Amino acid sequence: MLTTLTGPIHGTVDPRLIETLAPLAAAVNGDPEYSFQAAAYRKGACVLDIWGGRHMSGDSIIVPYSVTKNTIGLSIALLVERGLLDLDERVAYYWPQFGAKGKKDVTVRMLLSHQAGLPQARPLLTWDEILDHHAAAERLADTRPYWQPGSAFGYHAITIGNLADELVYRVSGRTLHEFYEQEIRRPHDIDFYLGLPEGMEERRVPVLPMTPPVAPAPASYLPPLLIEVMGGAGPDVDLANDEASWRFGHPAGSGIGSARGLARLFAAAVTGVDGGAPFLSADTVSVVGQQQVRGYDEVLGQAHRSHSIVFQKPTPGMPFGGPRAFGHDGAQGCFAGMEPDTGLAFAYTVARGPWPGGADPRAFTLLRAVGESLAEVTVP
Amino acid sequence: MLTTLTGPIHGTVDPRLIETLAPLAAAVNGDPEYSFQAAAYRKGACVLDIWGGRHMSGDSIIVPYSVTKNTIGLSIALLVERGLLDLDERVAYYWPQFGAKGKKDVTVRMLLSHQAGLPQARPLLTWDEILDHHAAAERLADTRPYWQPGSAFGYHAITIGNLADELVYRVSGRTLHEFYEQEIRRPHDIDFYLGLPEGMEERRVPVLPMTPPVAPAPASYLPPLLIEVMGGAGPDVDLANDEASWRFGHPAGSGIGSARGLARLFAAAVTGVDGGAPFLSADTVSVVGQQQVRGYDEVLGQAHRSHSIVFQKPTPGMPFGGPRAFGHDGAQGCFAGMEPDTGLAFAYTVARGPWPGGADPRAFTLLRAVGESLAEVTVP
Amino acid sequence: MLTTLTGPIHGTVDPRLIETLAPLAAAVNGDPEYSFQAAAYRKGACVLDIWGGRHMSGDSIIVPYSVTKNTIGLSIALLVERGLLDLDERVAYYWPQFGAKGKKDVTVRMLLSHQAGLPQARPLLTWDEILDHHAAAERLADTRPYWQPGSAFGYHAITIGNLADELVYRVSGRTLHEFYEQEIRRPHDIDFYLGLPEGMEERRVPVLPMTPPVAPAPASYLPPLLIEVMGGAGPDVDLANDEASWRFGHPAGSGIGSARGLARLFAAAVTGVDGGAPFLSADTVSVVGQQQVRGYDEVLGQAHRSHSIVFQKPTPGMPFGGPRAFGHDGAQGCFAGMEPDTGLAFAYTVARGPWPGGADPRAFTLLRAVGESLAEVTVP
């Protein structure tokens, strides 16, 4: 049923989507530094599985930075589905130490939508603590929030991974990595890993540095909180490329896998794949996809950001779907997300993302074209 | 005491206000497409009752779109006044089914200030459901909010009428239409109807389409939620002009009446008319006029909107009064509101509103001039 | 250890800071209308105590307007430290009358971070009431908030002083003035007074009017609430210069003292002075310095303001420190604040502030240079 492509874009594609690929073919032909993967499932069937450029093959795997956070969101969703986690319960109910220093009334909902005020710990977290299942979480539990919890939100770029890891452990007795591996990845054969397994090293493609523009950008205001959060302590770690990072598989930023795997992950959750049932009910999907916050991000200092439970929601700068869509981009161009209304799961990875970072706009151009090409009826 | 005018503006007016009418006279003389009514009460006495243009007489009645929402606000206020409705009670206390799908803690206050996240239902509401006392409400009760209730607000352009109708029914055993008719309209002889009575059809003036500018406006970002909310299902209904609509009298948008009636409605509520007592106490007026929300509107995608209980509050784009003023505009130019400090009730209707919609700026120009002309003392 | 300066800037200074004074020396030399004081403590030791210009000596005292609010913040902090005041308790628990008119659930935290909606009373407060320990507070207790408490915040420019005065009285049996005098000012020998003591009159320097620009500023939108709050009733009072005002020492705006005193006040609180212990624990400092609100200010109509408990937090327009810094500026140029991370307390007063008001940017330029010159290590 799918058409096999022969170049410059490779892979297989639903024939209705061939015309949507023209911009990507032009990009690959025009820029020897451009390499990508993209994949999509529609109502559980793969409709797109393509790649192009000299750095990536169809089997390449890469660290897509915060696109990894989708594994948190879907693991949390599965715990909610099973009745093991109540979003409106206080975090301290599951994790008593968390209640210290003005956090006793922080709910799971607040924690998982960047409202808890813990984008860093005091003193600042070390990388050794960050790349650990419990150390950073213990330190965050003993930190007073940067803002009164619930009064604001700000991107917990790294720490949401440590906080969610500990929360999953308290609820399930397993690390988030174990829970994801055992309950989601392995049963559904997802090519996306929290911690690269032994023997797959040769598939790994490094994230290449973005090319800054020749003329420097005008200086902009950096929120003091952003400077502090990014500051860190001790030697720098390259989250994408250092082995300590991708071996650990930080849930907030250093999982590794293919676009094929990321699209299948969302499809398995929401529509099911290969004729199987989805691992989430429609009700749970609506719960974790519901917008929790919108507006000014305390950490990034950006005026218009929005989150549901862990996931990002569409905003003017990230036009990836309608009111029920959810997903997450990464620092250097990757993106994966889901439109529950149409059953379209989508993922895009890129080896060298475009300056200045955030999701590659080419991902959204492709996503929109795919959605329009496959649309059969008006959404009810 | 009032001066009778002979043209181009007709009607009666307090002599102190004659100079305020010059801009309207110029507009009528200069634009054959311009027709309006305006009326004002000061401390219970009519000080202005005028009209002009070829489409409207003093007795014309028209659907002023969301200006109709003022009937919701004042009906709710009367229920609060009588102790039948507690704004801080959970909606589900009065209406158990409403508590489904993450809404059990939504309060009446949140529901009536556009914070409940229900600007549409899933699947989308049909017009048959919307123009019904219970059908749309039942569907909304079974819908998960678009956003976490209380975390944001967005204009429930249509649904606030259905939600309020059901709430009034649960509290009083009467539809909002019946309650308004029996407790407010008839006792105070208000020429504004939720559902046009038989025999008044010849008074009805249709809403004429706005004239778009010759050059199209530059494309602007439309929030996905706005597209969905406006989308609807099934055949379109002209809310202002279709008989099914004005016969039903949707509380959010298709009541019908005159500017005279709308001004009298506010005066009867806040100052009393014809020497009678107001039907609301000053305390209740301050309760329903108190600002509940301000900022980004999730549905409209506009940065600066504000509401009290149902009503709109003044904003830079709608400068209709001081901190205690309240009222509501309509989609195609009409407006009615109240300044409790000075006892000035004001209403303005227009047959063909100015592009691109929202309250006609001429309404605010007139309102300000009237207020200044009648000002006796500095407000305490 | 400190170097004594001989002009145009006078006073004493840590030798490492001498180069930071060049901009101030140029300002004094270039503008005969410019006079200032500045002072700083680092980890409890005075490192800067300077002044310049013809209007001020080292011993001058002046009313720095809202810089006075730092005395509220530190007095509240001491009550919290001693366990006499719980920020999460309802105000009405301590002050039953306050619970009237929709305020029963307002917490101390909300009241002291400008969220209670009481920037004025209805009817408007008179100056006689404002300059009284209880009269304005009683009136505010009987006022319905301008906005639903907790839904927004807006600068309570004057009334936060009256509200805090009453709250301190209910908790401690002493006025805020007495509590500050007895527990903070006298024990730590702070040259900043809530109510000028007899015999110090000759030290007082009047606040001189700002010089407006020759070309008038373009008209800007004034929020109706700002107009009302600033309106007041009865004859105007010059808060800075009228004896009734500085004799009373309004906690929101008419304390009086020197920059030396203000810097020592913060140092005594956070680091201790003269080898003594600080009067606040590090934990209390983090509690009162924690951001409570950020965004649109309902009264000022400004898009980006932020407060902790009473204090201001850094914003793009007030870049005075990192995520834990706190302080307060005044209407005509003065500023005082604290960076707990580095133990740097800083104050700046000016006799004739620069148009259009708010903290003098020269204060922040000096503060940043001082901080950089004294920095020893990266903050953990």
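Please refer to the structure higher up on the page.
Thresholds applied
- Numbering of residues starts from 1 in every chain and runs along the sequence as written.
- Chain A is the first chain written and ligand 1 is the first ligand written, with later ones labelled in order.
- Restriction of local features to residues with pLDDT of at least 70 applies here, the model being predicted, together with a cutoff of 80 or more for giving and counting side-chain atom pairs; totals for whole chains, interfaces and linings are based on all residues.
- Hydrogen atoms and water are omitted, and side-chain values are computed over all heavy atoms in the structure.
- Secondary structure counts use DSSP, requiring at least four H or I residues in a row for a helix and at least two E residues in a row for a strand, with both numbered from the N terminus.
- Two things to know: the radius of gyration comes from C-alpha atoms, and the globule rule equals 2.2 Å times the number of residues to the power 0.38.
- In this description, contact between two residues means that some pair of their heavy atoms is separated by no more than 4.5 Å.
- Each accessible area is a Shrake-Rupley estimate made with a 1.4 Å probe; only the visible protein chains count as cover when residues are assessed.
- The copies were overlaid by least squares, fitting only the C-alpha atoms of residues that reach a pLDDT of 70 or more in each copy.
- Grouping buried Ala, Val, Leu, Ile, Met, Phe, Trp, Tyr and Cys residues that are joined through side-chain atoms within 4.5 Å yields what is termed a nonpolar core.
- Buried residues are those whose accessible area, probed at 1.4 Å on protein chains only, stays under 20% of the maximum for their type, while exposed residues exceed 50% and partly exposed ones sit between those limits.
- An expected span of 1.5 Å times one less than the residue number is assigned to each helix.
- Pairing between two strands requires that DSSP report at least two bridges joining them.
- With axes taken as lines fitted to C-alpha atoms, and helix axes fitted only over the stretch in contact, angles between N-to-C directions fall between 0 and 180 degrees.
- With respect to orientation, any angle under 35 degrees is reported as roughly parallel, any angle over 145 as roughly antiparallel, any angle of 65 to 115 as roughly perpendicular, and every other angle as oblique.
- Should the near helix be turned counterclockwise from the far one by less than a right angle, the crossing is left-handed, whereas a clockwise turn marks it as right-handed.
- We call Asp, Glu, Lys and Arg charged. Ala, Val, Leu, Ile, Met, Phe, Trp, Tyr, Cys and Pro are nonpolar, and the rest, Gly among them, are polar.
- By convention, the term buried area covers the 1.4 Å-probe accessible surface removed from two parts as they join, with the contributions of both added.
- Whenever a carboxyl oxygen of Asp or Glu lies within 4 Å of a side-chain nitrogen of Lys or Arg, that contact is scored as a salt bridge.
- Here a polar contact is recorded for every N or O atom pair within 3.5 Å, except that within protein the pair must consist of a potential hydrogen donor and a potential acceptor, and residues adjacent in sequence are included only if both atoms are side-chain atoms.
- When two rings of Phe, Tyr or Trp (its six-membered ring) have centres within 6.5 Å they constitute a pair, described as stacked for plane angles under 30 degrees, edge-to-face for angles over 60, and tilted for the intermediate range.
- Put simply, a charge is over a ring when the Lys NZ or the Arg CZ is close to the ring centre, within 6 Å, and near the line of the ring normal, within 35 degrees.

Caption draft 1: Local environment of the overall build of chain A. Across its full length, chain A holds 13 helices and 11 strands. Computed over its C-alpha atoms, the radius of gyration of chain A comes to 20 Å, within 12% of the 21 Å expected for a compact globule of 380 residues. Reported as C-alpha extents along the three principal axes, the dimensions of chain A are approximately 60 × 50 × 40 Å. Within chain A, contacts between residues at least 6 apart in sequence are counted, and of these 66% link residues at least 24 apart. For chain A, the accessible surface area stands at approximately 13800 Å², while carbon and sulfur atoms represent 55% of it.

Caption draft 2: Focus on the relation of the copies chain C and chain B. Mapping chain C onto chain B calls for a screw motion: a turn of 120° about the axis and a shift of 0.0 Å along it, with 0.0 Å RMSD after fitting. Expressed as a symmetry operation, the mapping of one chain copy onto the other fits a three-fold axis.

Caption draft 3: Broad picture of the nonpolar core. Residues and elements named next belong to chain B. Residues F36, L48, I50, I76, L85, L112 and F335 are the most contacted members of the largest nonpolar core, which totals 119 residues. Among the elements that take part in this core, helix 11 (residues 259-270) stands out by supplying nine residues, more than any other. With near-sequence residues (within four places) excluded, I76 lies in contact with L85, L87, L112, V168 and I309.

Caption draft 4: Structural view of helix 2 (residues 69-81) of chain B. Residue and element names in this part refer to chain B. Spanning 13 residues, helix 2 covers 18 Å between terminal C-alpha atoms, matching the ideal 18 Å at 1.5 Å per step. The buried fraction of helix 2 amounts to 12 of the 13 residues, a majority that puts the element mostly inside the structure. Taken together, the buried positions of helix 2 are occupied by K69, N70, T71, I72, G73, L74, S75, I76, A77, L78, L79 and V80. A positive phi of about 75° marks G83, the residue just after helix 2.

Caption draft 5: Highlighting the pairing of strand 10 (residues 335-339) of chain C. Residues and elements named next belong to chain C. For strand 10, a buried count of five out of five residues is recorded, marking the element as mostly surrounded by other parts of the structure. Residues of strand 10 alternate between two faces, with F335, G337 and E339 on one and A336 and M338 on the opposite face, all of them buried. Sheet topology places strand 9 (residues 326-329) next to strand 10; four bridges connect them, and they run antiparallel. Its bridge partner lying in strand 10, G327 is registered against G337. Between strand 9 and strand 10, which pair antiparallel one after the other, the connecting turn spans five residues, and G333 there sits at a positive phi close to 115°. Strand direction decides the pairing type here: strand 10 and strand 11 (residues 344-350), joined by five bridges, are antiparallel.

Caption draft 6: A look at the packing of helix 2 of chain B against helix 11 of chain B. All names here are of chain B. Between helix 2 and helix 11, the shortest axis-to-axis distance is 11 Å and the interhelical angle comes to 15°. The orientation of helix 2 relative to helix 11 falls into the category roughly parallel. As helix 2 packs across helix 11, the resulting crossing turns out to be left-handed. Between helix 2 and helix 11, the residues in contact are N70, T71 and L74 and L265, F266 and A269, respectively. Residue composition of the contact of helix 2 with helix 11, grouped by class: four nonpolar, two polar and no charged.

Caption draft 7: Structural view of the interface of chain A and chain C. The interface is formed by 18 residues belonging to chain A together with 18 residues belonging to chain C. Interface area for chain A against chain C, summed over the two sides, is near 1400 Å², with a carbon-plus-sulfur share of 48%. The shortest N-O distance in the salt bridge between R122 of chain A and D341 of chain C comes to 3.3 Å. Linking chain A with chain C are 11 residue pairs in polar contact (both at pLDDT 80 or more). Looking at the side of chain A that touches chain C residue by residue, the class counts come to 11 nonpolar, two polar and five charged.

Caption draft 8: Structural detail: the interface of chain C and chain B. Residue-level contacts link 18 residues of chain C with 18 residues of chain B. Buried surface at the junction of chain C and chain B, both sides included, amounts to about 1400 Å², of which 48% is carbon and sulfur. The largest per-residue losses of area from chain C upon contact with chain B belong to R122, R144 and Q148 of chain C, which jointly make up 38% of the total buried on that side. Where chain C meets chain B, there are four salt bridges. As a salt-bridge pair, R144 of chain C and D283 of chain B come within 2.9 Å of each other at their nearest N and O atoms. At the junction of chain C and chain B, the tally comes to 11 residue pairs in polar contact (both at pLDDT 80 or more).

Caption draft 9: Structural view of the pattern of salt bridges. Counted according to the given criterion, the structure contains 75 salt bridges over all chains. Put simply, R122 and E228 of chain A together with R324 and D341 of chain C are held in one network by salt bridges that share partners.

Caption draft 10: Local environment of the sheet that holds strand 10 (residues 335-339) of chain A. Residues and elements named next belong to chain A. With antiparallel pairing, the seven strands of this open sheet are ordered in space as 1-2-4-3-11-10-9. Either end of the sheet is taken by a strand with one partner, and the two such strands are strand 1 (3-6) and strand 9 (326-329). In this sheet, adjacent strand axes meet at a mean angle of 5° when their direction is disregarded. Across seven bridges, strand 3 (residues 36-42) lies against strand 4 (residues 45-52) in antiparallel orientation. Residue pairing across strands places A38 opposite I50, the latter belonging to strand 4. Running at roughly 150° to strand 11 (residues 344-350), helix 13 (residues 361-374) makes contact with strand 3, strand 4, strand 10 and strand 11 of the sheet.

Caption draft 11: The packing of helix 7 (residues 159-172) of chain B against helix 8 (residues 176-188) of chain B, seen in detail. Residues and elements named next belong to chain B. The N-to-C vectors of helix 7 and helix 8 enclose an angle of 70°; their axes lie 8 Å apart at closest approach. The pairing of helix 7 with helix 8 is recorded here as roughly perpendicular in orientation. Along its contact with helix 7, which presents A164, D165, V168 and S172, the element helix 8 presents L176, H177 and F179. Here the contact of helix 7 with helix 8 is built from residues that sort into four nonpolar, two polar and one charged.

Caption draft 12: Just the environment of L280 of chain C, in detail. All names here are of chain C. Among the secondary structure elements, L280 is positioned in the loop between helix 11 (259-270) and helix 12 (282-289). Sequence separation between L280 and L21 is 259 residues; the distance between their C-alpha atoms is 31 Å. For L280, the contacting residues outside a window of four places in its chain are L74, A77, L78, E81, A269 and V285.

Caption draft 13: Quick peek at the packing of aromatic side chains. Counted under the stated rule, the structure contains 30 aromatic pairs over all chains. Both rings, one in Y93 of chain A and one in Y94 of chain A, keep their centres 5.1 Å apart while their planes meet at 80°; by these two values the pair is edge-to-face. With a centroid separation of 4.7 Å and 50° between ring planes, the pair formed by F311 of chain B and F326 of chain B is classed as tilted. Of this pair, F311 of chain B sits in the loop between strand 8 (305-307) and strand 9 (326-329) while F326 of chain B sits in strand 9, and the two are 15 residues apart along the sequence. The burial state of F311 of chain B is the same as that of F326 of chain B; both residues are buried. In this arrangement the basic side chain of R362 of chain C is found over the ring face of Y34 of chain C, its NZ or CZ atom lying 4.0 Å from the centre.

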